[in-house]
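# Coordinate inspection notes
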Amino acid sequence: QVQLVESGGGLVQPGGSLRLSCAASGSRFSINGMGWYRQAPGKQRELVATATTGGSTNYADSVKGRFTISRDNAKNTVYLQMDSLKPEDTAVYYCNADITRLGRGRGDFWGQGTQVIVSS
């Protein structure tokens, strides 16, 4: 079984910064893509940023220039550095990983979510 464990959420003032982390654990698996999604109250889950194993990244227009996604492939970990945070960034942030498990095929895995609140 593969698990994604997130950390780093919290309460921050507008203009502040937070860094989210997500580590994948388990056995006999390889990670393809990793990314972050978020879901605000009353809204659908939306893509924030993704990163491939090769280092290619993709961002939602709403976070370009403010958020940076990065990966440590040796640690099976993905990070999301969030700067210049705005109240509209308030949401539950979910880690996602596209994982291939030996003998069990490929699939999507999700973390439990971490709350980010941007408020003065």
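Report follows, based on the coordinates. Note that the structure is a prediction, hence the values are computed from the model and not measured.

## Description of the side chain of S21
- Mapping S21 onto the fold places it in strand β3 (residues 18-25).
- Taking the relative accessible area as the measure of exposure, S21 reaches 18% and is therefore buried.
- If sequence neighbours within four positions are ignored, S21 has contacts with V5, E6, S7, W36, V78 and Y79.

## Considering the nonpolar core
- In this structure, W36, V48, F67, I69, L80, M82 and Y93 are the most contacted members of the largest nonpolar core, which totals 32 residues.
- Mapped by element, the contributors of at least two residues to this core are β3, β4 (29-39), β5 (46-52), β7 (67-72), β8 (77-82), β9 (91-101) and β11 (114-118).
- With five residues, the single largest contributor to this core is β9.
- Residues contacting V48, with those up to four places away along its chain left out, are W36, Y37, R38, N58, Y59, A60, V63, F67, L80 and Y93.

## Looking at the packing of aromatic side chains
- Counted under the stated rule, the structure contains one aromatic pair.
- Aromatic pair Y37 and W110: ring centres 5.1 Å apart, planes at 65 degrees, arrangement edge-to-face. Here the residue Y37 occupies a position in strand β4, and W110 occupies one in strand β10 (residues 105-110), the gap between them amounting to 73 residues.
- The residue whose ring lies beneath R45 is W110, and the NZ or CZ to ring-centre distance is 4.7 Å.

## Examining the environment of S30
- When you line up the elements, S30 lands in strand β4.
- For S30, a relative accessible area of 37% gives the class partly exposed.
- Considering only alpha carbons, one finds S30 and I99, 69 residues apart in sequence, at a separation of 5.8 Å.
- Ignoring anything within four residues of it in the chain, the contact list for S30 reads D98, I99 and T100.

## A look at the pattern of salt bridges
- Using the criterion set out here, one finds five salt bridges in the structure.
- Of the charged contacts, one joins D89 and R38 as a salt bridge, the two residues approaching to 3.0 Å between their closest N and O atoms. Here R38 lies in strand β4 and D89 lies in the loop between β8 and β9, a separation of 51 residues in the sequence.
- Among the salt bridges present, the one from D89 reaches R66, with a minimum N-O distance of 2.7 Å. Of this pair, D89 sits in the loop between β8 and β9 while R66 sits in the loop between β6 (57-59) and β7, and the two are 23 residues apart along the sequence.
- The exposure class of D89 is buried, given its relative accessible area of 1%.
- What emerges from the salt-bridge pattern is a single network uniting R38, E46, R66 and D89.

Each value, and the rule that gives it
Residues numbered from 1 in each chain as written. Predicted model: local features only at pLDDT ≥ 70, side-chain atom pairs only at ≥ 80, totals over all residues. Heavy atoms only, no water. Helix = DSSP H or I, 4+ residues; strand = E, 2+ residues; numbered from the N terminus. Buried < 20%, exposed > 50% of the residue type's maximum accessible area, 1.4 Å probe, protein only. Contact = heavy atoms within 4.5 Å. Core = buried A, V, L, I, M, F, W, Y, C linked by side-chain atoms within 4.5 Å. Phe/Tyr/Trp six-rings, centres within 6.5 Å; stacked < 30°, edge-to-face > 60°. Lys NZ or Arg CZ within 6 Å of the ring centre and 35° of its normal. Salt bridge = Lys/Arg side-chain N within 4 Å of Asp/Glu carboxyl O.

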